[in-house]
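Architecture at a glance
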Amino acid sequence: MSHKEIVRTVALGKDYPLPQGVLCVFEQLSFTLNQGELVAIMGSSGVGKTTLLNLLGLLDRPTRGKVLIEGQDASSLTEEERAYIRNRKIGFIFQFYHLLPEFTTLENVMFPLIIKGEKLTEAKAKAKDILEKVSLADKLSQRPAQLSGGEQQRVAIARALVNEPLLLLADEPTGNLDWKTGQRILALINDLHRERGLSSIIVTHDEKVAQFCEKVYLLYEGRLKLIRENHS
Ligand SMILES: Nc1ncnc2c1ncn2[C@@H]1O[C@H](COP(=O)(O)OP(=O)(O)OP(=O)(O)O)[C@@H](O)[C@H]1O
Ligand SMILES: [Mg+2]
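Let us look at the structure shown here.

Conventions used here
- Residues numbered from 1 in each chain as written.
- Chains lettered and ligands numbered in written order.
- Predicted model: local features only at pLDDT ≥ 70, side-chain atom pairs only at ≥ 80, totals over all residues.
- Heavy atoms only, no water.
- Pairing = 2+ DSSP bridges.
- Helix = DSSP H or I, 4+ residues; strand = E, 2+ residues; numbered from the N terminus.
- Contact = heavy atoms within 4.5 Å.
- Axes fitted to C-alpha atoms, helices over the stretch in contact; angles between N-to-C directions.
- Donors = N, O, S within 2.8 Å, 3.2 Å for Na, K, Ca; no water.
- Phe/Tyr/Trp six-rings, centres within 6.5 Å; stacked < 30°, edge-to-face > 60°.
- Buried < 20%, exposed > 50% of the residue type's maximum accessible area, 1.4 Å probe, protein only.
- Lys NZ or Arg CZ within 6 Å of the ring centre and 35° of its normal.
- Core = buried A, V, L, I, M, F, W, Y, C linked by side-chain atoms within 4.5 Å.

The pairing of strand 1 (residues 5-18) with strand 2 (residues 21-34) spans ten bridges and is classified as antiparallel. By the bridge assignment, L12 is partnered in strand 2 with L29. The loop that links strand 1 with its antiparallel partner strand 2 comprises two residues.

Here's what the structure looks like:
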């Protein structure tokens, strides 16, 4: 596998303004993900894992430092350019799914393709195909409220993967799934790594999910520390 750099942070810092002062979530955080890599980020609740994914996924802007996507400094881009990268290159599985409640399973997954300008029939075919891979072929016309938590999570996973992203950012993607279903999702992600050099960052509290990744980082006291490398 090549060592092309997909995402890199340079001295990244993020503050949140609070009524009682400023909360510094992290400072001087440096991290690189190369093409094809599959890494886990672990850490206690509230350390900043979601905050970090939001910065890497260009959903939020850092207070200090930079995020580079394929070597390009994201802070130099317009909102429109950032939205283009989010739609074309990044698949995001949100911790709390963020599905569109008015739309069906199929429509939720078609959404990124429609934004990209794909034809309806093609978008439908691609969305059906990925929904089959997450075992939701029989739930295409249900709305999120009519789905179980684990089913909603799988819709979110399908939506993140349907556009064949370069980079997958997954915030506890198997948190609501039983181990067998979770394993099937991990196997699907693994296939995409082998078949098309997908690069992924998986935030997880689950040691079994971390064992599945090549590198395991721990976010602790504002630092990202490599704690393990798994060789398969
Ligand atoms: N929009 C915000 N405004 C102010 N503070 C925030 C905001 N978002 C997060 N925080 C704070 O920043 C810190 C990091 O939050 P974050 O959601 O990144 O944690 P996390 O590691 O993802 O936790 P969890 O494992 O519970 O999901 C927390 O102390 C949180 O209260
Ligand atoms: Mg979180």
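Backbone-to-backbone hydrogen bonds join strands into a sheet, with any given pair of strands oriented parallel or antiparallel. A sheet is described by the order of its strands in space; here four strands give the open sequence 2-1-4-5, paired in antiparallel fashion. This sheet does not close on itself; its edge strands, each paired only once, are strand 2 and strand 5 (72-73). The pairing of strand 1 with strand 4 (residues 64-69) spans five bridges and is classified as antiparallel. Directly across from R8, in strand 4, lies its bridge partner L68. Against the sheet, helix 1 (residues 49-56) touches strand 1, strand 2 and strand 4, its axis set at about 125° to strand 1.

Let us now look at the pairing of strand 10 (residues 223-229). Across a regular strand the side chains alternate sides, sitting on one face of the sheet and then on the other. In this structure, strand 9 (residues 215-220) lies alongside strand 10, joined through six bridges in antiparallel fashion. In the sheet register, L219 faces strand 10, and the bridge partner there is L224. In this structure, the hairpin formed by strand 9 and strand 10 is closed by a connection of two residues, where E221 is found at a positive phi of approximately 50°.

Our focus in this paragraph is the coordination of the magnesium ion (ligand 2). Six octahedral donors around a metal ideally subtend angles of 90 or 180 degrees, whereas four tetrahedral donors ideally subtend 109.5 degrees. Summarising the metal site, the magnesium ion (ligand 2) is bound by the protein donors T50 (OG1) and Q95 (OE1), whose distances to it range over 2.0 to 2.4 Å. Linking T50 in helix 1 with Q95 in the loop between strand 6 (90-93) and helix 3 (105-116), this pair joins segments that are 45 residues apart in sequence.

On inspection of all chains with the given rule, the structure shows three aromatic pairs. Between F31 and Y217, the aromatic rings sit 5.3 Å apart at their centres with planes inclined by 80°, giving edge-to-face as the arrangement. Taken together, the positions of F31 in strand 2 and Y217 in strand 9 put the pair 186 residues apart, joining distant regions of the chain. Under the relative-accessibility criterion, Y217 is labelled buried at 10%. Measuring from ring centre to ring centre gives 6.3 Å for F103 and F111, while their planes differ by 55°; the resulting arrangement is tilted. Here F103 falls in the partly exposed class, since its relative accessible area comes to 33%. By relative accessible area, F111 is classed as partly exposed at 36%. In this arrangement the basic side chain of K208 is found over the ring face of W179, its NZ or CZ atom lying 4.5 Å from the centre.

Before going further, it helps to spend a moment on the nonpolar core. Ranked by size, the top nonpolar core spans 39 residues in total, and within it V109, L131, V134 and I202 carry the most contacts. Where this core is concerned, the elements lending two or more residues are strand 3 (38-42), helix 3, helix 4 (120-133), helix 5 (149-161), strand 7 (167-171), helix 6 (179-196) and helix 7 (207-211). Ranked by residue count, the leading element in this core is helix 5, at six residues. In terms of nonpolar packing, the next biggest core, distinct from the first, is built from 31 residues, I6, I41, L58 and I90 among them.

Distances and angles like these do not, on their own, reveal function.
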